[in-house]
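Letter by letter, the chains look like this.
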Amino acid sequence: MGKTNWSALEFSLATPIMVKPEFSFQAFFELTLPLIVLVIGVQNIQAIGVLYAVGYKPPVNAIFTVPGIGTLLNSLFGGHPCVIAGPSTAICSSDSAGENKDLRYIASVVDGLLWISFGLMAGMAIVAATIVPKQLLATLGGLAMFGVFLTTFSQAFSGKFRSGAMVSFLISAANVTVLKVGAPFWALIVGFIVTLLLDRDDYTLIKNRSDREDEEQIAV
């Protein structure tokens, strides 16, 4: 339709630049603590939950240890925290990644290579994002996540802890920012509090089931 100016796109590779670390109490409380909660309590946990939901048994310790080391390395170059992203994990572990569950790791490898390529060509990617119509990017992202959303919503609102899940979703969708901290952090905190207040019985059921499993294991 003639709305894209491709002449503005020039080939170039990004060069990593070392950043001198500086400590700030303000940054610690406004950035570090919320990011720790988001990385550990949202992205990594979400990825683990997705993998369990589709029948995998992920190495939980490695999922937290490896991204932690990656975050330390990223920080030296001004990068963001390294996480096992929930949406990407959901796509790579879903049926869309192949019928054979033992070969779906290939999707993760390809995803990793694409991210490395994206990082090397970050300058070009930023320019491309500015010259391509926003509606096209939104459509492509929506199509990629459509099946994932259907599966996630059906699991989140049909099982236990539905009240907390709904409140977390609404706060995230509202994109509320309080004390310069974004919506995902508050969605996690408020959702957890609502779960304690309204979904208390679900905690009891899980505790009783866990006790029975322990008794059965001891008996065996």
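First, a word on scope: everything that follows refers to the structure included in this document. (Residues numbered from 1 in each chain as written. Predicted model: local features only at pLDDT ≥ 70, side-chain atom pairs only at ≥ 80, totals over all residues. Heavy atoms only, no water.)

## Digging into the environment of lysine 180
Mapped onto the elements of the fold, lysine 180 is located in the loop between helix 7 (162-174) and helix 8 (183-198). Placed 150 residues apart in sequence, lysine 180 and glutamate 30 show a C-alpha to C-alpha distance of 6.7 Å. Setting aside chain neighbours within four positions, we find lysine 180 in contact with Gln26 and Glu30. (Helix = DSSP H or I, 4+ residues; strand = E, 2+ residues; numbered from the N terminus. Contact = heavy atoms within 4.5 Å.)

## Some points on the pattern of salt bridges
Applying the stated criterion to the full structure yields one salt bridge. Between aspartate 95 and arginine 104 there is a salt bridge, with the nearest N and O atoms lying 2.9 Å from each other. Residue class for aspartate 95 comes out exposed when judged on its relative accessible area of 64%. Residue arginine 104 is classed as buried on the basis of its relative accessible area, which comes to 5%. (Salt bridge = Lys/Arg side-chain N within 4 Å of Asp/Glu carboxyl O. Buried < 20%, exposed > 50% of the residue type's maximum accessible area, 1.4 Å probe, protein only.)

## Considering the side chain of arginine 104
Among the structural elements, arginine 104 can be located in the loop between helix 3 (86-93) and helix 4 (105-120). Engagement of the side chain of arginine 104 in a polar contact is seen with the backbone oxygen of serine 93, the distance being 2.8 Å. Reaching out from arginine 104, the side chain makes a polar contact with the side chain of aspartate 95 at a distance of 2.9 Å. Setting aside residues no more than four positions away along its own chain, arginine 104 makes contact with Tyr56, Cys92, Ser93, Ser94, Asp95, Ala97, Gly98 and Glu99. (Polar contact = N/O pair within 3.5 Å; in protein donor to acceptor, adjacent residues only side chain to side chain.)

## Here's the deal with the environment of leucine 31
Looking at where leucine 31 falls in the secondary structure, it is placed in helix 1 (residues 25-53). Judged by relative accessible area, leucine 31 falls into the partly exposed class, the value being 48%. In sequence terms leucine 31 and valine 181 are 150 residues apart; their C-alpha atoms lie 7.6 Å from each other.

## Section: the packing of aromatic side chains
How two aromatic rings sit relative to each other is given by the distance of their centres and the angle of their planes. Counted under the stated rule, the structure contains one aromatic pair. Aromatic pair tryptophan 115 and phenylalanine 118: ring centres 5.6 Å apart, planes at 80°, arrangement edge-to-face. Of this pair, tryptophan 115 and phenylalanine 118 are both found in helix 4, three residues apart, which corresponds to roughly one turn of the helix. Taking the relative accessible area as the measure of exposure, phenylalanine 118 reaches 45% and is therefore partly exposed. (Phe/Tyr/Trp six-rings, centres within 6.5 Å; stacked < 30°, edge-to-face > 60°.)

## A closer look at the side chain of serine 93
Note on placement: serine 93 falls in helix 3. Note on serine 93: relative accessible area 4%, which makes it buried. At 2.7 Å, the side chain of serine 93 forms a polar contact with the backbone oxygen of threonine 89. Residue contacts for serine 93: discarding those within four places in its chain leaves Val50, Leu51, Val54, Tyr56 and Arg104.

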